[in-house]
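Now for the letters of each chain:
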Amino acid sequence: QVQLVESGGGLVQPGGSLRLSCEASGGIFITNAMAWYRQAPGKQRELVADITSGGSTNYADSVQGRFTISMNNNKNTVYLQMNSLKPEDTAVYYCNADLRVFQLSDWLEYRSWGQGTQVTVSS
């Protein structure tokens, strides 16, 4: 019912910046929290950063000080500003949302995933 669509990925040189966006749409929902995960080939998917509807944030140690997560006022879009990018940041980045969705005449808890967007850091 609720779809997450990511954008902003691409190829960037080491030290460069990218801004990822993820918009939730479709149906009636309330956002509890949103997060960014990433997965490199042969590695487990890992949490990069998350943010609650109240504005609390959390970052992986590997991106602390370089990445910033935020949400828009409607709390249907999450952003990830990535600065000082390193080759080790190369991965598919996935948006995740913890939502309450109005469905079947009731509010239900959902965790939804985006399709992923490729971030490649290389010279």
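Computed from a prediction, not measured in an experiment: that's the story for all the values here.

Engineer: It is not clear to me how the pairing of strand β11 (residues 117–121) should be interpreted in this structure. Could you clarify?
Structural biologist: Residues of β11 alternate between two faces, with Thr117, Val119 and Val121 buried on one and Gln118 and Thr120 left unburied on the opposite face. Here 3 bridges tie strand β2 (residues 10–12) to β11, and the two strands are oriented parallel to one another. When the bridges of β11 are listed, Val12 appears paired with Val121. Sheet analysis places strand β9 (residues 91–103) next to β11, joined by 3 bridges and oriented antiparallel. Opposite Val92, over in β11, you have Gln118 as the bridge partner.

Engineer: Help me out: how do you make sense of the pattern of salt bridges in this one?
Structural biologist: If charged atoms from side chains of opposite charge come close, those side chains can pair. Enumeration over the complete set of coordinates arrives at 4 salt bridges. The closest approach of N and O atoms between Glu46 and Arg38, which form a salt bridge, is 2.8 Å. Its relative accessible area of 7% is what places Arg38 among the buried residues. Through salt bridges that share partners, Arg38, Glu46, Arg66 and Asp89 make up one connected network.

Engineer: How do you make sense of the sheet that holds strand β3 (residues 18–25) when you look at a structure like this?
Structural biologist: Hydrogen bonds between backbone groups are what pair the strands of a sheet, and the pairing can be parallel or antiparallel. Strand order in the open sheet formed by 4 strands is β1-β3-β8-β7, and the pairing between neighbours is antiparallel. Every interior strand has two partners, whereas the edge strands, β1 (3–7) and β7 (67–71), have only one. Taken over all neighbouring pairs, the strand axes of this sheet differ in orientation by 15° on average, direction set aside. When β3 meets strand β8 (residues 77–82), the two strands line up antiparallel, connected through 6 bridges. When the bridges of β8 are listed, Glu23 appears paired with Thr77.

Engineer: In this structure, what is going on with the side chain of Thr31? I would like to understand it.
Structural biologist: Tracing the chain through its elements places Thr31 in strand β4 (residues 29–39). The class for Thr31 is buried, based on a relative accessible area of 7%. In terms of polar contacts, Thr31 uses its side chain to reach the backbone carbonyl oxygen of Lys75, at 2.7 Å. Once you skip the residues sitting within four places of it in the chain, Thr31 turns out to touch Ser53, Met71, Lys75, Asp98 and Leu99.

Engineer: I'm lost on the packing of aromatic side chains in this one. Help?
Structural biologist: Any pair of aromatic rings gets described here by the distance separating the centres and the angle formed by the planes. Applying the stated criterion to the full structure yields 2 aromatic pairs. If you follow Arg45 out to its NZ or CZ, it ends over the ring of Trp113, 4.8 Å from the centre.

Rules used in this analysis
Residues numbered from 1 in each chain as written. Predicted model: local features only at pLDDT ≥ 70, side-chain atom pairs only at ≥ 80, totals over all residues. Heavy atoms only, no water. Buried < 20%, exposed > 50% of the residue type's maximum accessible area, 1.4 Å probe, protein only. Helix = DSSP H or I, 4+ residues; strand = E, 2+ residues; numbered from the N terminus. Pairing = 2+ DSSP bridges. Salt bridge = Lys/Arg side-chain N within 4 Å of Asp/Glu carboxyl O. Axes fitted to C-alpha atoms, helices over the stretch in contact; angles between N-to-C directions. Polar contact = N/O pair within 3.5 Å; in protein donor to acceptor, adjacent residues only side chain to side chain. Contact = heavy atoms within 4.5 Å. Phe/Tyr/Trp six-rings, centres within 6.5 Å; stacked < 30°, edge-to-face > 60°. Lys NZ or Arg CZ within 6 Å of the ring centre and 35° of its normal.

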